[in-house]
Amino acid sequence: MPRDGTLRTERHPWRREVLGWVAAGLLAGTSYGWADDAELEAGQASSRYPEYTFDDELPTETVVVPGASSGVFYERHQFGQGLLGRWRTDYLNYGWRDYENYRLNTTPYSRNYDVFGNYIAEGYEIYSLEEWRTRAPLVGSLQTKGRFFENWLRHLVIADDAYGEWSTRLMVGDHIRTTFTPLTLDMASFNGIRFDAISARDQQLTLLVSRVSDPIRLSGAYLTGRGASSNVSDGVYLVGGHWESNLSDAVVLGASYVNLYRFDSQRGFRANSRKGLAPQNTVPQQVIVRFEDDSPDDDDDGGGAVVYDLSARVTLAASASDSAEGRSGVEMAPSAATLSTGSLQTARYAEATGFYRDDSGTERSNYVDYTFDVPEDAVRIVFSALVANDYKISIRQSHRYITDAVRGSYENRETEFTVIRRAEGNVTDLSNRGVVTFEYGLATGVEVLGVNGRIKVPGFDGHGELVRSINHYQYPTLLGTRSRFDDVAGYLVLRREWSRFSVGGEVFTIGPRFTSYNPHPDDANRPLGEVFYFNESRETLYRNAGTVTNNPLFALVDDNDNMLYNETPDNWLVLGLPAEGSIFPCFDLDKDGHPDTNRNRNQYADSEEPFLMYWADPEDLYFGDDLNNNALTDAWEDDELPNYPYYKDERGLHLLVGFNPVPGVTFTAGRYRVRQTAAAGHNRVSYGHLDVGRTFAGKLRCRWRHETKDVEDDISNDYYRYLLRETVGGYTRTYFADALDYRNSLVNRGLVEARYQPFGRWLIEGRFRYELNQQREDGTQDDDRIDYLGGVLRSEYSWRWRALTFTPKAKILFRARSRDSQSAPTLKALQAFPILRVDWRLTRHSQLRLGLQGLPGLADQRQDWVDPTNDSEQSTWTFMWFSENEYEGYRIGTEIGLMRQRIDYDVPARKDVDYDRFFVRVNSAVGSVVR
């Protein structure tokens, strides 16, 4: 007010007009913020929609990852030119370069988005409050303080030095990305000591040592205390080394050695060898040999495990006065035989075929168990079995664990079954009848030795490795004899390119007993890694019955299907749950450790949430290679298998040729033949890829990617998916079996997409996805056809007037999946909705954002022809105040808002949804905040 007491005339009368517009229209804010205006006026892309949004497809080229371990390249094949090798990570050496810690370690932040899906900043959520009216029967008042509300610390110590032409690093850390080669060692989170050295003559060396069975991982609970200690008398050590030499600018040769062995500190230095030691206090009382069908899914063929005879020769320890040569041997027959419900016993043989259901209703493989009572002075047991057909032989023991030697008290304990032999192929006519011999022992160590090389010159690239693994076992007494088995794995990839042509090929094999052939299998009966038995239960880092077990699992090659910014393997456990840092295969193109399909990290997929669903589409509308023919894009598979470049128990050959007649057009043709060694499956594919891309007048971009392939694939590639469950309130791990819909098929599949931007603030996008699977009758399936069709069309326009920015949007989504042999489709749904948005910049640091999805007379429509109870009309509006401030060097983004949603179902029997949601979110950012 002026000093003369008169009221000063308002300098901005237009603000009243703006308020009237907002109150009357209740329009919803734009996807562009005030900070984007200069970019938009210059005709540049808005930072509101960075390159990692769904505008892009899956990663289809080599990705250089900044912020991950320095200089590491994660290579994925390009569509239409892809090789069967799924993963290849380059050797890491920190001799001359500093170790760059995981981005989620050093600065624990991720990309944050507001309720409209707008990118805010890179930081982390520290507080949230939500009030729902009503959300019954679920709770409606939610408040969270993030774990970064308190201090954060990850331990990593580095000492560097130099001598002459050598530079070295010595590191001790909890989570160190460590890779030798894809077949020898690839760990997302090595915990231990690492030494790196590199010379000016391109000689590189890495040495490792870790007590993998009992590591110390400090967490926030120890930040203000004295730390933690872990003292044990026995355990498992990991030691290893890798050497590489650049023989020239084009040729690299390397060698690796890794040893995972069991130690016992109560025994001498010489006894603790690289082969490892059997655990004490595990003298077998009984040994159980189990025979199962190695292909239980093929129970119709009657070709399961057939056992004619089983005997054992037991070697007894020599007396004190005798030498080792004085040991005696006795023949033993089983003391008991146990058959599962579905197994068969005849006068000549026993047979286990297919599955049975136990008392809990769980489906399990039929089995025949033989029990041998073992003398306490035994030092060796060799079994001889006369078997036939498709058998799998496993073995375990029961023993007395002495709990008090003075009082003579003990407990009866059992180890887990360990696979020791498998039949080659899937024989069903008894033609492979023969004697199989094998020796009993507990796992004591694994050795892996390999050589690798690479040749790279202009126009030519070749790389490969050859690796041998040796698994060591010992009969579990002090004088117990040792046994072992070994296998090999290797691959060679060659590629030659000219200006318009390219040729390539790969040959590979990974034996069924390679490295981790003898683990305790998971629920799907898949080997995961090597298991070492402990009488005293130990913590296990990988999925099992719990986090503490007598049979912990250790892996040299992790299951880490999404490798970018992932400091923990996919199958790590923390308190019985998947580790928070684990990423399961999905869109994570922004590489922040969280799926792009759920950017606000709640219990709903973005494709199902108001406003967010404009950019987020269901997964089946995206396109990528499906080389193992299980109807899931390979880049999204979580198979719970080690990240070997090829599947274990498979060998194969792949040849391809590419042709680029004109810019923007690529044709690739190829043929690959894969067969299993121990199992009997095969995967034979002949294919052709066409990739056409064109830009017209700089405004219209079109692309068509098509694949035709002739498939014969009966190898089951099952997988897991992490699905959002509203009733659970988070992700649920769900197992999916391969339906084997490509046993014998002619498949046409592809994606057509277009992006049209007539001028800077108007964008139209369209995408059409198809897959037509013509199944042919071949004795395992009938003539049939499976079709999938899906399409999406969206458009938005942005208009700015003074401090207001208006953006109307619209989206139509259709998906259908059908099978000729079924009268009704399995999927047929349509969704169409409009969105109106408006942003009003109040001050430099704050603005109002409003949104409306579904308008009067033009509702958010959902139509489901498969399940009509989903038919509905919806409307959602959101009002939010957003501010950006700086505090103590941090950027703080604050959201306070109210959301109301109404869902009117067409079916009267289904209850309509009507709720209000009040929310408060505060984000602390390490970078800038998009306003």
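Below you will find a few notes about this structure. Keep in mind the model is a prediction, meaning the values are calculated, not measured. (Residues numbered from 1 in each chain as written. Predicted model: local features only at pLDDT ≥ 70, side-chain atom pairs only at ≥ 80, totals over all residues. Heavy atoms only, no water.)

Let us look at the pairing of strand β48 (residues 846-853). With eight of eight residues buried, β48 lies mostly within the body of the structure. The pairing of strand β47 (residues 827-841) with β48 spans seven bridges and is classified as antiparallel. When the sheet's bridge partners are listed, Leu836 is paired in β48 with Leu852. Here β48 pairs with strand β50 (residues 872-887) via eight bridges, running antiparallel. Note on β50: the bridge partner recorded for Gln847 is Phe882. (Buried < 20%, exposed > 50% of the residue type's maximum accessible area, 1.4 Å probe, protein only. Helix = DSSP H or I, 4+ residues; strand = E, 2+ residues; numbered from the N terminus. Pairing = 2+ DSSP bridges.)

Among the secondary structure elements, Glu292 is positioned in strand β12 (residues 284-293). Glu292 sits in the buried class, given a relative accessible area of 11%. For the pair Glu292 and Val307, spaced 15 residues apart in the sequence, the C-alpha separation amounts to 9.9 Å. Apart from the residues within four sequence positions on either side, Glu292 is in contact with Ala305, Ser365, Asn366, Tyr367, Asp390, Tyr391, Lys392 and Ser394. (Contact = heavy atoms within 4.5 Å.)

Here we take up the environment of Thr415. By the element assignment, Thr415 lies in the loop between β23 (409-414) and β24 (418-422). The spacing of Thr415 and Tyr533 is 118 residues in sequence and 6.8 Å in space, taken between C-alpha atoms. Apart from residues lying up to four places away in sequence, Thr415 is in contact with Arg396, Gln397, His399, Tyr440, Leu442 and Tyr533.

Overall, the coordinates contain 46 salt bridges when judged by the stated rule. A salt bridge links Arg785 to Asp787; the shortest N-O distance between them is 2.8 Å. Taking the relative accessible area as the measure of exposure, Arg785 reaches 28% and is therefore partly exposed. Asp787 sits in the buried class, given a relative accessible area of 16%. (Salt bridge = Lys/Arg side-chain N within 4 Å of Asp/Glu carboxyl O.)

On to the environment of His242, then. Here His242 lies in strand β10 (residues 234-246). Look at His242 and you get buried, because its relative accessible area is 0%. Considering only alpha carbons, one finds His242 and Thr184, 58 residues apart in sequence, at a separation of 9.6 Å. When neighbours within four sequence positions are excluded, His242 is seen to be in contact with Tyr91, Phe180, Thr181, Gln204, Leu205, Thr206, Ala255, Ser256 and Asn452. Engagement of the side chain of His242 in a polar contact is seen with the side chain of Glu244, the distance being 3.2 Å. (Polar contact = N/O pair within 3.5 Å; in protein donor to acceptor, adjacent residues only side chain to side chain.)

A cluster of acidic residues, Asp297, Asp298, Glu363 and Asp714, forms a negative patch at the surface. Tracing the sequence through the fold places Asp714 in the loop between β39 (700-713) and β40 (719-725). Residue Asp714 is classed as partly exposed on the basis of its relative accessible area, which comes to 33%. (Patch = residues over 30% accessible without salt bridge, like charges linked within 9 Å, V, L, I, M, F, W, Y side chains within 5 Å. Areas by Shrake-Rupley, 256 points an atom, 1.4 Å probe, with all protein chains shown as cover. Lys, Arg positive; Asp, Glu negative; His and termini not counted. Charge placed at Lys NZ, Arg CZ, Asp CG, Glu CD.)

For the rest of this paragraph, the subject is the packing of aromatic side chains. Following the criterion strictly, the structure yields 23 aromatic pairs and no others. Ring centres 5.0 Å apart and planes at 50° place the aromatic pair Tyr237 and Phe263 in the tilted group. Within this pair, whereas Tyr237 is found in strand β10, its partner Phe263 is found in strand β11 (residues 251-264), the two being separated by 26 residues in sequence. Its relative accessible area of 26% is what places Tyr237 among the partly exposed residues. On the basis of an interplanar angle of 25° and a centroid distance of 5.4 Å, the ring pair of Trp799 and Phe806 is categorised as stacked. Here Trp799 falls in the partly exposed class, since its relative accessible area comes to 41%. A relative accessible area of 12% means that Phe806 is categorised as buried. (Phe/Tyr/Trp six-rings, centres within 6.5 Å; stacked < 30°, edge-to-face > 60°.)

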